Amino acid sequence: MTRAAVPGLPSRYPIGELLPALYADDDLAQRFTAGLDTVLAPVLSTLDNLPAYVDPALAPADFLPWLASWVGVEADPAWPVELRRAVVAHAVELHRWRGTRRGLVERLRLVCGVHAEVRDGGGATWSAEPGAALPPPPTGELLVRVWPVRAGDGVDAVDAVDAHRVLEVAAASCPVHLTCRVEVLPGPPEETGD
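Conventions used here
Residues numbered from 1 in each chain as written. Predicted model: local features only at pLDDT ≥ 70, side-chain atom pairs only at ≥ 80, totals over all residues. Heavy atoms only, no water. Phe/Tyr/Trp six-rings, centres within 6.5 Å; stacked < 30°, edge-to-face > 60°. Helix = DSSP H or I, 4+ residues; strand = E, 2+ residues; numbered from the N terminus. Buried < 20%, exposed > 50% of the residue type's maximum accessible area, 1.4 Å probe, protein only. Contact = heavy atoms within 4.5 Å. Polar contact = N/O pair within 3.5 Å; in protein donor to acceptor, adjacent residues only side chain to side chain. Core = buried A, V, L, I, M, F, W, Y, C linked by side-chain atoms within 4.5 Å. Salt bridge = Lys/Arg side-chain N within 4 Å of Asp/Glu carboxyl O. Pairing = 2+ DSSP bridges. Disulfide = S-S within 2.5 Å.

Trainee: For this particular structure, what's the right way to read the packing of aromatic side chains?
Mentor: When we look at a pair of aromatic rings, we describe it by the centre distance and by the angle of the planes. Under the criterion given, the structure shown has three aromatic pairs. Pairing Tyr53 with Phe63 gives two aromatic rings, centres 5.0 Å apart and planes at 55°, and the pair type is tilted. Of this pair, Tyr53 sits in helix α3 (residues 50-53) while Phe63 sits in the loop between α3 and α4 (64-71), and the two are 10 residues apart along the sequence. Judged by relative accessible area, Tyr53 falls into the buried class, the value being 14%. Ring pairing ties together the aromatic residues Tyr53, Phe63, Trp66 and Trp70, which thus form one cluster.

Put into structure tokens, the structure is as follows:
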């Protein structure tokens, strides 16, 4: 989509009508200002519609990368337009929870369309009893268990989960000192007995 001159786009504010009465009947002045109207009409139209350009739900698709740069997110051009719009619209909320379980779960729900459970194995261990043996060390693994939003669909729904994409999103959010592993479940863990 281009935002250049649009043939025949009328100006909402013709310059010729704004001239003093002396020039109202002057053919040269009216033709000259009509030429300026043709050049300025797209600019005025854009300014009149500026709120639509900065609203991710209304902005032209080719403006989404620009809006994404404003809020510091990367919206993959291969994603459908509606997904890119949603990522840009929810960017501030996702930044607020970045680096947390909730942030990863929300990002996976938005980007991959899955529910998720995150088990973090990178924490510190301790014992409440003095002199007791230390608990086993952390696993050093971030386990992300995902299941389709429509869990009742069975095996076909599990096949529909893009495990590679889930792993990409999870690995991008995983701390560097942890490894990341993804498990795809047919439904919520309590229903599947896991």
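Trainee: Looking at this structure, I do not really get helix α5 (residues 81-89). What am I missing?
Mentor: The α-helix winds at 3.6 residues per turn, so residues separated by three or four positions along the chain end up facing the same way. Burial in α5 covers these residues: Leu83, Arg84, Arg85, Ala86, Val87 and Val88. Packing partners of the buried residues in α5 comprise α4, α6 (91-96), α7 (101-112) and α9 (163-173).

Trainee: How should the side chain of Arg85 be read in this particular structure?
Mentor: Note that Arg85 resides in helix α5. For Arg85, a relative accessible area of 12% gives the class buried. A distance of 2.7 Å separates the side chain of Arg85 from the backbone oxygen of Pro56, its partner in a polar contact. In contact with Arg85, other than residues within four places in its own chain, are Pro56, Ala57, Leu58, Ala59, Pro60, Ala61 and Leu64.

Trainee: Could you clarify how one ought to interpret the environment of Ala68 in this entry?
Mentor: The topology assignment puts Ala68 in helix α4. The exposure class of Ala68 is buried, given its relative accessible area of 3%. The sequence separation of Ala68 and Ala91 amounts to 23 residues, and the corresponding C-alpha distance is 8.2 Å. Not counting residues up to four positions away in its chain, the partners in contact with Ala68 are Val73 and Val88.

Trainee: What am I meant to see in the nonpolar core here?
Mentor: Generally speaking, soluble globular proteins have nonpolar side chains that are buried together. Core analysis: the biggest nonpolar cluster contains 29 residues, and Leu108, Val144 and Val146 have the highest contact counts within it. Elements with a minimum of two residues in this core: α4, α5, α6, α7, β1 (114-120), β2 (141-148) and α9. Ranked by the residues each element gives to this core, the list is headed by α7, at five residues.

Trainee: Looking at this structure, how should I read the side chain of Arg145?
Mentor: Take Arg145: it is sitting in strand β2. Its relative accessible area of 4% is what places Arg145 among the buried residues. Side-chain polar atoms of Arg145 contact the side chain of Glu183, separated by 3.2 Å.

Trainee: Got a minute to help me understand the pattern of salt bridges in this structure?
Mentor: Note that side chains of opposite charge can pair when their charged atoms are close. For the coordinates displayed, the defined rule picks out 10 salt bridges. Note that Asp48 and Arg12 form a salt bridge whose closest N and O atoms lie 3.3 Å from each other. With Asp48 in helix α2 (residues 27-48) and Arg12 in the segment before α1 (15-18), this pair connects stretches of sequence that are 36 residues apart. The class of Asp48 is partly exposed, set by a relative accessible area of 35%. Classification of Arg12 as exposed rests on a relative accessible area of 61%. Within this structure, Glu117, Arg119, Glu141, Arg145, Arg181 and Glu183 form a network of salt bridges that share partners.

Trainee: Is there a simple way to think about the pairing of β2 in this case?
Mentor: On a regular strand, one side chain projects to one face of the sheet and the next to the other, so that they alternate. Most of β2 sits out of view: seven of its eight residues are buried. Relative to β2, β1 runs antiparallel, the two sharing seven bridges. Each residue of the ladder has a partner; that of Val118, found in β2, is Val144. Across six bridges, the pairing between β2 and strand β3 (residues 179-184) is parallel.

Trainee: It is not clear to me how the state of the cysteines should be interpreted in this structure. Could you clarify?
Mentor: Where two cysteines share a covalent bond between their sulfur atoms, that bond is called a disulfide. One pass over the structure, following the stated rule, counts zero disulfides. Lacking any disulfide linkage, Cys174 is separated from the closest cysteine sulfur, that of Cys180, by 4.8 Å.

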